[in-house]
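Take a look at the letters that make up each chain.
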Amino acid sequence: MSEDTLSIRDDNDIISVRRFGRNIAARLGFGVVDQCRITTAISELARNTVVHGGGGIVTIRTVENDKKGIEIICRDEGPGIENLELALQGGYSTVGGFGIGLLGTKRLMDEFQITSGAGKGTTVIIRKWLK
């Protein structure tokens, strides 16, 4: 298992973490379509980390147990998500967007976990497994 943690503060960091995640996915043997899914999910979570959380960290690790895959953990210490249930339904936005980012990310990946609370920041863990 390998693990790398990158700080994310601005758009340049979002681009860097996307590229880094895509390279790891390719190295693990994910096809082009799954590489795009992973990259899109990383991009959405990284952007949320910057826009809503004021920055944070993204950890990308390879996972090899009974399955082989990639795990991405995005953490921030921002204000948190007040209504997590509503945010996961889609169509909910605090900045005038479409409000489909978290829901879309959940649909792109095989596993999705989120913890958040007002004043406690947000942590999202996503995983994609090789088929």
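A quick note: this is a predicted structure, and the numbers were derived from the prediction, not measured.

Visitor: Help me out: how do you make sense of the overall build of the protein chain in this one?
Guide: Counting secondary structure elements, the protein chain contains four helices and five strands. Across the 131 residues in the protein chain, those meeting the buried criterion constitute 43%. Long-range contacts, defined here as pairs at least 24 residues apart, represent 62% of the contacts in the protein chain between residues at least 6 apart. If you sum the accessible surface of the protein chain, you get close to 7,200 Å²; carbon and sulfur atoms cover 48% of it. A gap of 5 Å separates the mean positions of the 17 positive and 16 negative side-chain charges of the protein chain.

Visitor: What is the right way to read the sheet that holds strand 3 (residues 68-76) from this model?
Guide: Two modes of strand pairing occur in sheets, parallel and antiparallel, and in both the strands are linked by backbone hydrogen bonds. Strand order across the open sheet formed by five strands is 1-2-3-5-4, with antiparallel pairing between neighbours. The strands lining the two open edges of the sheet, one partner per strand, are strand 1 (3-8) and strand 4 (111-117). Recorded for the sheet is a direction-independent mean angle of 10° between the axes of neighbouring strands. Bridge analysis of strand 2 (residues 56-64) against strand 3 gives nine bridges, and the strand direction is antiparallel. Its bridge partner lying in strand 3, Gly-56 is registered against Asp-76. Packing against the sheet, helix 4 (residues 101-108) makes contact with strand 4 and strand 5 (121-129), and its axis sits at approximately 150° to strand 4.

Visitor: Where do I start with the nonpolar core in this structure?
Guide: The tendency in soluble globular proteins is for nonpolar side chains to be buried as a group. Formed by 26 residues in total, the largest nonpolar core has its most connected members in Ile-38, Ile-60, Ile-70, Ile-72 and Ile-126. Counting only elements with at least two residues in this core, the list comes to helix 1 (11-28), helix 2 (32-51), strand 2, strand 3, strand 4 and strand 5. If sequence neighbours within four positions are ignored, Ile-126 has contacts with Ala-41, Leu-45, Ile-70, Glu-71, Ile-72, Thr-105, Met-109, Glu-111 and Phe-112.

Visitor: Can you help me understand the pattern of salt bridges in this one?
Guide: Pairing is possible between side chains that carry opposite charge, provided their charged atoms lie close to one another. One pass over the structure, following the stated rule, counts nine salt bridges. For the salt bridge of Arg-127 with Glu-71, the shortest nitrogen-to-oxygen distance reads 2.6 Å. You can see Arg-127 sitting in strand 5 and its partner Glu-71 sitting in strand 3, a full 56 residues away along the chain. The same class applies to Arg-127 as to Glu-71, namely buried.

Visitor: What is the right way to read the pairing of strand 5 from this model?
Guide: Taken residue by residue, a regular strand's side chains alternate between the two faces of the sheet. With eight of nine residues buried, strand 5 lies mostly within the body of the structure. Alignment of strand 3 against strand 5, held across eight bridges, turns out to be antiparallel. Residue pairing in the sheet places Ile-70 in a bridge with Lys-128 of strand 5. Relative to strand 5, strand 4 runs antiparallel, the two sharing seven bridges. Within the sheet, the bridge partner assigned to Glu-111 lies in strand 5 and is Arg-127.

Conventions we followed
Residues numbered from 1 in each chain as written. Predicted model: local features only at pLDDT ≥ 70, side-chain atom pairs only at ≥ 80, totals over all residues. Heavy atoms only, no water. Helix = DSSP H or I, 4+ residues; strand = E, 2+ residues; numbered from the N terminus. Buried < 20%, exposed > 50% of the residue type's maximum accessible area, 1.4 Å probe, protein only. Contact = heavy atoms within 4.5 Å. Areas by Shrake-Rupley, 256 points an atom, 1.4 Å probe, with all protein chains shown as cover. Lys, Arg positive; Asp, Glu negative; His and termini not counted. Charge placed at Lys NZ, Arg CZ, Asp CG, Glu CD. Pairing = 2+ DSSP bridges. Axes fitted to C-alpha atoms, helices over the stretch in contact; angles between N-to-C directions. Core = buried A, V, L, I, M, F, W, Y, C linked by side-chain atoms within 4.5 Å. Salt bridge = Lys/Arg side-chain N within 4 Å of Asp/Glu carboxyl O.

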